[in-house]
Amino acid sequence: MSDAAKGRFCWFDLMTSNPDAAKAFYTEIAGWGTEVWEGSGDKPYLMFTNNQKPVGGVMQLPPELVEQKVPPHWISYVYTPDVDASCAKAEELGGQVMHPTTDIPTVGKFAVIADPQGAVIALFSATGDAPGSEEPAAKGEFSWHELATTDYEAAWKFYSGMFSWQKADAMDM
């Protein structure tokens, strides 16, 4: 993915207390396949695939999140050419770094941030080609991203400042 792809959703992880049940559910309901990422070392990482193309992953909810009573959830990764610079930008805009920049050997870097209202997303930069596509979503791929927030105007200011997102349209919901 090029630097021009900054701000594109590129990956999704399901963090759950029961990865085996999640695998069974999503392969049945969404028709996804699965494959183990060979680069995951001693901790297998299961990827969901759509037509043999990786679209996201599933992993055990980390103990520290269980202790904090964080429920199972999906987390979206947004592409950025520089995770460290994006973490600094998030803090400048009133957000918080929840998980610092971490290397994923041979893959890239990620960090987790929260916007000023507390919504959490991950940032990702790739060593090589980033997952995801600049093409419109195909059947079985994620195609809509919606944020339920306490202050949509403040959230918009944060995300447009982070990723240079531009308003295309609006509807009263």
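Read on for a plain summary of the structure.

What counts and how
- Residues numbered from 1 in each chain as written.
- Predicted model: local features only at pLDDT ≥ 70, side-chain atom pairs only at ≥ 80, totals over all residues.
- Heavy atoms only, no water.
- Pairing = 2+ DSSP bridges.
- Helix = DSSP H or I, 4+ residues; strand = E, 2+ residues; numbered from the N terminus.
- Axes fitted to C-alpha atoms, helices over the stretch in contact; angles between N-to-C directions.
- Contact = heavy atoms within 4.5 Å.
- Salt bridge = Lys/Arg side-chain N within 4 Å of Asp/Glu carboxyl O.
- Buried < 20%, exposed > 50% of the residue type's maximum accessible area, 1.4 Å probe, protein only.
- Expected span 1.5 Å × (residues − 1).
- Arc of directions from axis to C-beta.
- Core = buried A, V, L, I, M, F, W, Y, C linked by side-chain atoms within 4.5 Å.

Let us look at the sheet that holds strand β7 (residues 108-114). The sheet built from 8 strands is open, its strands ordered β2-β3-β4-β1-β5-β8-β7-β6 with mixed pairing. Edge positions in the sheet fall to β2 (33-36) and β6 (96-104), since each of these pairs with one other strand and no more. Strand-to-strand twist in this sheet, taken as the mean axis angle between neighbours without regard to direction, amounts to 30°. One ladder, built from 6 bridges, connects β6 with β7; its direction is antiparallel. Looking across to β7, one finds that Gln 96 is bridged to Ala 114. Packed onto the sheet, helix α4 (residues 152-163) meets β5 (73-79), β7 and β8 (120-126) and runs at close to 5° relative to β8.

Okay, unusual backbone geometry next. You will see that Gln 52, though not glycine, has its phi angle at about 65°, which is positive. Relative to the helices and strands, Gln 52 resides in the loop between β3 (46-50) and β4 (53-60). Non-glycine residue Ser 164 carries a positive phi angle of around 60°.

This brings us to the pattern of salt bridges. Counted according to the given criterion, the structure contains 2 salt bridges. For the salt bridge of Lys 109 with Asp 84, the shortest nitrogen-to-oxygen distance reads 3.9 Å. In this pair, Lys 109 is assigned in strand β7 and Asp 84 in helix α3 (residues 83-92), connecting sequence segments 25 residues apart. For Asp 84, a relative accessible area of 41% puts it in the partly exposed group. A salt bridge links Glu 92 to Lys 89; the shortest N-O distance between them is 3.6 Å.

Compared with an ideal rise of 1.5 Å per residue, which puts 12 residues at 16 Å, α4 spans 16 Å between its outermost C-alpha atoms and is within 8% of the ideal. Residues of α4 that are buried: Ala 155, Phe 158, Tyr 159, Met 162 and Phe 163. For α4, the arc enclosing every buried residue in end-on projection is 100°, short of the 170-degree limit, so these residues lie on one face. Of the residues in α4, the exposed ones pointing more than 90 degrees away from the buried face are Glu 153 and Lys 157. Among the residues trailing α4, Ser 164 stands out with phi positive, at a value near 60°.

Moving on, we get to the environment of Val 78. Within the secondary structure, Val 78 is located in strand β5. Taking the relative accessible area as the measure of exposure, Val 78 reaches 0% and is therefore buried. A sequence separation of 79 residues divides Val 78 from Lys 157, and the C-alpha atoms of the two residues are 17 Å apart. When sequence neighbours within four positions are dropped, the list of residues in contact with Val 78 reads Gly 7, Arg 8, Phe 9, Cys 10, Ile 121, Ala 122, Leu 123, Phe 124, Phe 163 and Trp 165.

Among the nonpolar cores identified, the biggest contains 14 residues, and Ile 113, Leu 123, Tyr 159, Met 162 and Phe 163 are the most heavily contacted of them. For this core, the secondary structure elements donating two or more residues are α3, β7, β8 and α4. Residues contacting Met 162, with those up to four places away along its chain left out, are Lys 6, Ser 86, Lys 89, Ala 90, Leu 93, Ile 113 and Leu 123. Ranked by size, the runner-up nonpolar core spans 13 residues in total, among them Cys 10, Leu 61, Val 112 and Phe 124.

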